[in-house]
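A look at the structure
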Amino acid sequence: MRATSKGRAMLGIGAAWYEEEATGLGLFFPPTAERFERLEETLRIARQMWSEDDGPFEGTHYRLGATLNTPQPLRRPYPPILIGGSGEKKTLRLVAQYADACNLFGGPELEHKLDVLRTRCDEVGRDYDEIEKTVMAPLDPADPKAVVEQLRGYAALGVQHVHTLVPDVAAIEPLRVFGSEIIPAVAEL
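In this text, all values refer to a predicted model and were calculated from it rather than measured experimentally. (Residues numbered from 1 in each chain as written. Predicted model: local features only at pLDDT ≥ 70, side-chain atom pairs only at ≥ 80, totals over all residues. Heavy atoms only, no water.)

1. Regarding the environment of Glu188
Selection rule: Here a helix means four or more residues in a row that DSSP labels H or I, a strand means two or more in a row labelled E, and each is numbered from the N terminus. Throughout, exposure labels follow a simple rule: accessible area from a 1.4 Å probe, protein chains only, divided by the maximum for the residue type, with under 20% read as buried, over 50% as exposed, and the rest as partly exposed.
Along the chain, the position of Glu188 falls in the segment after α6 (173-186). With relative accessibility at 76%, the residue Glu188 sits in the exposed group. For Glu188 and Gly55, which are 133 residues apart along the polypeptide, the C-alpha to C-alpha distance reads 46 Å.

2. Thoughts on a nonpolar patch on the surface
Here is the rule: Patch members must show over 30% relative accessible area and no salt bridge, and they are joined within 9 Å when carrying like charges or within 5 Å when they are nonpolar side chains of Val, Leu, Ile, Met, Phe, Trp or Tyr. The protein chains shown are the only cover counted for residues, whose accessible areas, like all others here, come from Shrake-Rupley with a 1.4 Å probe. Salt bridge, as applied in this entry: a Lys or Arg side-chain nitrogen positioned within 4 Å of an Asp or Glu carboxyl oxygen.
A contiguous nonpolar patch, built from Val169, Ile172 and Leu175 and spanning about 260 Å² of accessible area, is present on the exposed surface. By the secondary structure assignment, Ile172 is in the loop between β7 (161-163) and α6.

3. Some details on the packing of aromatic side chains
Here is the rule: Ring geometry is summarised as follows: Phe, Tyr and Trp rings, the Trp one being its six-membered ring, pair when their centres sit within 6.5 Å, and such pairs are stacked at plane angles under 30 degrees, edge-to-face over 60 and tilted between the two. Either the NZ atom of lysine or the CZ atom of arginine qualifies as a charge over a ring when it sits within 6 Å of the ring centre and within 35 degrees of the ring normal.
Applying the stated rule across the entire model yields 2 aromatic pairs. When the centroid spacing of 5.0 Å and the interplanar angle of 20 degrees are considered together, the rings of Trp17 and Tyr18 count as stacked. The ring of Tyr128 has Arg118 lying over it, and the distance from NZ or CZ to the ring centre is 3.8 Å. Residue placement shows Lys133 over the ring face of Tyr128; its charged tip is 3.8 Å from the ring centre.

4. Some thoughts on the packing of helix α5 (residues 144-156) against α6
Condition: Note on method: axes are straight lines fitted to C-alpha atoms, helices fitted across the in-contact stretch only, with angles between N-to-C directions ranging 0 to 180 degrees. The sense of a crossing depends on the near helix, which, turned anticlockwise from the far helix by less than a right angle, makes the crossing left-handed and, turned clockwise, makes it right-handed. Contacts between residues were defined by any pair of non-hydrogen atoms, one from each residue, lying within 4.5 Å. In this classification, the charged set is Asp, Glu, Lys and Arg, the nonpolar set is Ala, Val, Leu, Ile, Met, Phe, Trp, Tyr, Cys and Pro, and all remaining amino acids, among them Gly, are polar.
Two numbers describe how α5 lies on α6: the axes approach to 10 Å, and their chain directions differ by 35 degrees. For α5 against α6, the interelement crossing comes out right-handed. Note on element contacts: α6 touches α5 through Val177, Phe178, Glu181, Ile182, Ala185 and Val186, opposite Pro144, Val147, Val148, Leu151 and Arg152. Of the residues belonging to the contact of α5 with α6, the class tally is 9 nonpolar, no polar and 2 charged.

5. Here's the deal with the sheet that holds strand β6 (residues 132-136)
Heads up, the condition is: For two strands to be treated as a pair, DSSP must find no fewer than two bridges joining them.
Taken in spatial order, the 5 strands line up as β1-β4-β5-β6-β7 in an open sheet, and their pairing is parallel. Each edge of the open sheet is held by one strand with a lone partner, namely β1 (11-13) and β7. Ignoring which end each strand starts from, the neighbouring axes of this sheet average 25 degrees apart. Bridge analysis of β6 against β7 gives 3 bridges, and the strand direction is parallel. The partner of Thr134 across the bridge, within β7, is His161.

6. Some thoughts on the pairing of strand β5 (residues 101-105)
Quick reminder of the rule: Seen with its strands pointing away from the viewer, a crossover is right-handed if its path from the first strand over the helix to the second goes clockwise.
With 4 of 5 residues buried, β5 lies mostly within the body of the structure. Pairing analysis gives 3 bridges linking strand β4 (residues 81-84) to β5, with the strands arranged parallel. If you follow Gly84 over to β5, its bridge partner there is Asn103. What joins β4 to β5 is helix α3 (residues 91-98), and the crossover it makes is right-handed. For β5 and β6, the ladder comprises 5 bridges, and the chain directions are parallel. Considered in β6, the bridge of Ala101 is made with Glu132. Crossover β5 to β6 through helix α4 (residues 110-124) is right-handed.

Here it is in structure tokens:
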């Protein structure tokens, strides 16, 4: 039996930030400006690979004789692209230009970052509402009412998904609290 996502796959990508991890894994970690150049070229390559154009790609950092992608993705015109990061000059411009979703950090700057994304969308002629907004945020089920209020605040800003780490997940109780108290309270947001 072959496992398949049935078209639910998504490309999640960013410019990288955790140098210690890259170094520890023996990975190349160029300066910030170069990482953003490489990210944009990668986005252009992916879009071309998922199109009918399998011709060459000539960039500053990547040169491909052909942008073959066989088989083509089930989702058309291409799988959704999520760009993680909240840099106002480069990352949010790339989100506006290339992404179907963004992943920002939850916290006091979130509303401002979403306003910047709206501005970047206006600059490139993109409808801000086409982009799915997701955040990474700590949610501590020790205070379920506070978590529900935090999630309501994100929803009020237009955030559709929140990614979190559940503290002490092996104890099972935090998951029970999420399942019985938090999720039902925010399911309709």
